[in-house]
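Summary of the model geometry
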Amino acid sequence: MDLQQKPHVVMVPYPAMGHCIPSLDLVKLLASHSLTVTYVTTHTIAQRLKGPVDEARKAAGLDIHLVGLCPPKGIEGLPEGRESMDLVSSKYSLDIISLVESLEQPFDGWFQQQGSRRPVCIISDMFIDWTVRSSERHNIPRVVFYAMGAFPTSIFHAVCSSISTNTLRKEGDSVIVDNIPSSPLTFTKDQIPARYFNPDSADPMLKFVTGKMQSITKCWGVLVNTFDDLETRYLQHLKNTISGRPLWSVGPVLPSEGSSHTRGKMADISEEKLLQWLDSQSPSSVLYVSFGSQAFLSQEQTKALARGLEASDQAFIWSIKISPETAPIALNMEDSHAAYLPEGFMERTKGLIIWGWAPQLLILSHPSVSGFLSHCGWNSVLESIMMGVPLVTWPMFSDQHFNSKLVTEELGIGVQFCQHMDEVPNEEKVEMAVRLVMGSEQGKQMRKRAQELKELAKQSVGGGGSSASNLQAFACEIHKLMNCNPQNRNDNGDSVSG
Ligand code: UDP
């Protein structure tokens, strides 16, 4: 089909792997519904994603385009070439926010050059709010993509609304979140940071979160990376929050079986070596350990976790990522790696370590893997559910605390042993949690429940399933926009023609 005949949609993801990966998965799904999709990101991420995007174009014939933007003046403080959250430590979070803000103008420049290829809709990450202004300037609808689940998003919404009315409840050391299904929900004060208790705070991180939460309702509709059977009550709650706008739950937006295992970055282990090791293990015997793309454990934390794993006597495959600011100054790779593990650890244990990026989906889908020790990033939770694997959780920051609560208390598919980015895990707690999930009767029940959720997840994305139907319905709406004169839309992007 001629490019000009297809509606053109532009996707703007937040520059972090936990947002870029599902956004690209979603782009591929949309392109398979006869849409042209352009993925606009930082030039660093665009360079990295060129391979997977070229492959999707060539192998699957998808009409996907990649655009890498540079901030007009660079970002003071952010090292060049590191325009992605996984390439810097958390101390650069505010610089990444400045980077995102600086892309509004280059984005508009790109938009104006599109001529007859003009996009009919912007799909914006929930953390990017200048797309509200862009959509108004270009008079096209803005759709928000939640790379988070309905449960954590509902909690963020409730917390942010209570800040503006100064009604966030504290009881002793607990924070009580009201006004969502299953509330009152109790959190510890450090799971909901202190800055949330001061509505006048000039704290830039608080401004960021509250600003984004306000902007997510300034949209034509919402896409959520979850599925109806997983978060029924919370999806309904979100629908009420966005009052009347359409909400399409389209997840898990994972790549289809048989597609490339390169997601986000090239893996730091060959597929051959990995599969050889996994194939040599007994079925359902291996624990996968990984903390996503942004959490870099210290040597002390890594050693404590290692000692707990050793005590559990469990076979494991562990992706260890060294902080990007530490890695370059290491004398050599071997010395730097050795400093993270107790002496003789590898000789005494039944494990495989991947120093760097792991092909996570390939690992989780292998029959020998039956547990995931995770930080509970939303994608990791969804991927574990999609593979029917229960979790051992160590949430570190942000929505991860809420996701862990969902996993352990609502869904009953995991147990938590530690929390916070800077806590050193207790070795005995690691051992007990791993033994519980991997070897106990309670663990068996968790696995059974995870397998049930896996079936529901598969049904939702399969033919006629809720997510597949919602995606189809969303694509239909986009096709309708093609024939709709932009002047016939009101401020929310709703078509007001008959
Ligand atoms: N991921 C991966 N290999 C790694 C680490 C992460 O493929 O070594 C992928 C993982 O499968 C998921 C994403 O990166 O899709 C991480 O997102 P998540 O929400 O779990 O965590 P975040 O990185 O945002 O903290």
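Note that the coordinates shown come from a computational prediction; the quantities given were computed from them, not determined experimentally.

This brings us to the overall build of the chain. When helices and strands are tallied, the chain shows 18 helices and 16 strands. In summary, the chain has a C-alpha radius of gyration of 22 Å against a globular reference of 23 Å for 498 residues, a match within 12%. In terms of its C-alpha atoms, the chain occupies a principal-axis envelope of roughly 70 × 55 × 50 Å. Looking at the chain as a whole, 57% of its 498 residues are labelled buried. Here the analysis covers contacts within the chain between residues at least 6 apart in sequence; of these, 72% occur between residues at least 24 apart. For the chain, the separation between the mean place of its 43 positive charges and that of its 53 negative charges on side chains is 4 Å.

Another point: the nonpolar core. Ranked by internal contacts, the top residues of the largest apolar core, which has 95 residues, are Tyr14, Phe107 and Ile317. Of the residues forming this core, the biggest block, eight residues, is contributed by helix α6 (residues 150–164). Beyond its immediate chain neighbours, meaning those up to four positions away, Phe107 contacts Val10, Val12, Val40, Leu69, Ile122, Trp130 and Ser134. Membership of the second largest hydrophobic core comes to 36 residues, among which are Met17, Leu24, Ala31 and Leu223.

Turning next to the sheet that holds strand β9 (residues 221–224). Here seven strands make up an open sheet; going across it, the order is β3-β2-β1-β4-β5-β9-β10 and the pairing parallel. Two strands bound the open sheet, and with one partner strand each, they are β3 (64–69) and β10 (247–249). Across the sheet, the axes of successive neighbouring strands diverge by a mean angle of 20 degrees, strand direction being ignored. Note that strand β5 (residues 142–146) and β9 share four bridges and pair parallel. Bridging across to β9, Val143 finds its partner in Gly221. Across the sheet, helix α5 (residues 130–138) is in contact with β1 (8–12), β4 (121–125) and β5; its angle to β4 comes to roughly 175 degrees.

The next thing to look at is the sheet that holds strand β15 (residues 391–393). The sheet built from six strands is open, its strands ordered β13-β12-β11-β14-β15-β16 with parallel pairing. Looking at strand neighbours, the two that pair on one side only are β13 (351–355) and β16 (414–416), the edges of this open sheet. In this sheet, adjacent strand axes meet at a mean angle of 15 degrees when their direction is disregarded. Two strands pair when backbone bridges link them, and strand β12 (residues 315–320) and β13 are joined in this way by five bridges, in the parallel orientation. Opposite Ile317, over in β13, you have Leu352 as the bridge partner. The strands touched by helix α15 (residues 399–410) within the sheet are β15 and β16, with β16 carrying the most contacts at an inclination of about 125 degrees.

In this section: a negative patch on the surface. A grouping of Asp173, Asp190, Asp422 and Glu423 is seen on the molecular surface, where their side chains present a negatively charged patch. Position of Asp422 among the secondary structure elements: in the loop between β16 and α16 (427–439). On the accessibility criterion, Asp422 (67% relative accessible area) is exposed.

On to the side chain of Ser384. Secondary-structure assignment places Ser384 in helix α14 (residues 378–386). With residues near it in sequence (within four places) discarded, Ser384 still touches Leu364, Phe372, Val389, Pro390 and Leu391.

What follows deals with the confidence of the model for the chain. For the chain, mean pLDDT is 89; residues scoring 70 or higher make up 94% of the total. Between residues 485–498, whose pLDDT stays under 50, and residues either more than four places distant or in other chains, the model counts 22 contacts.

Rules of the game
Residues numbered from 1 in each chain as written. Predicted model: local features only at pLDDT ≥ 70, side-chain atom pairs only at ≥ 80, totals over all residues. Heavy atoms only, no water. Helix = DSSP H or I, 4+ residues; strand = E, 2+ residues; numbered from the N terminus. Rg over C-alpha atoms; globule rule 2.2 N^0.38 Å. Buried < 20%, exposed > 50% of the residue type's maximum accessible area, 1.4 Å probe, protein only. Contact = heavy atoms within 4.5 Å. Lys, Arg positive; Asp, Glu negative; His and termini not counted. Charge placed at Lys NZ, Arg CZ, Asp CG, Glu CD. Core = buried A, V, L, I, M, F, W, Y, C linked by side-chain atoms within 4.5 Å. Pairing = 2+ DSSP bridges. Axes fitted to C-alpha atoms, helices over the stretch in contact; angles between N-to-C directions. Patch = residues over 30% accessible without salt bridge, like charges linked within 9 Å, V, L, I, M, F, W, Y side chains within 5 Å. Areas by Shrake-Rupley, 256 points an atom, 1.4 Å probe, with all protein chains shown as cover. Salt bridge = Lys/Arg side-chain N within 4 Å of Asp/Glu carboxyl O. pLDDT = per-residue confidence, 0-100.

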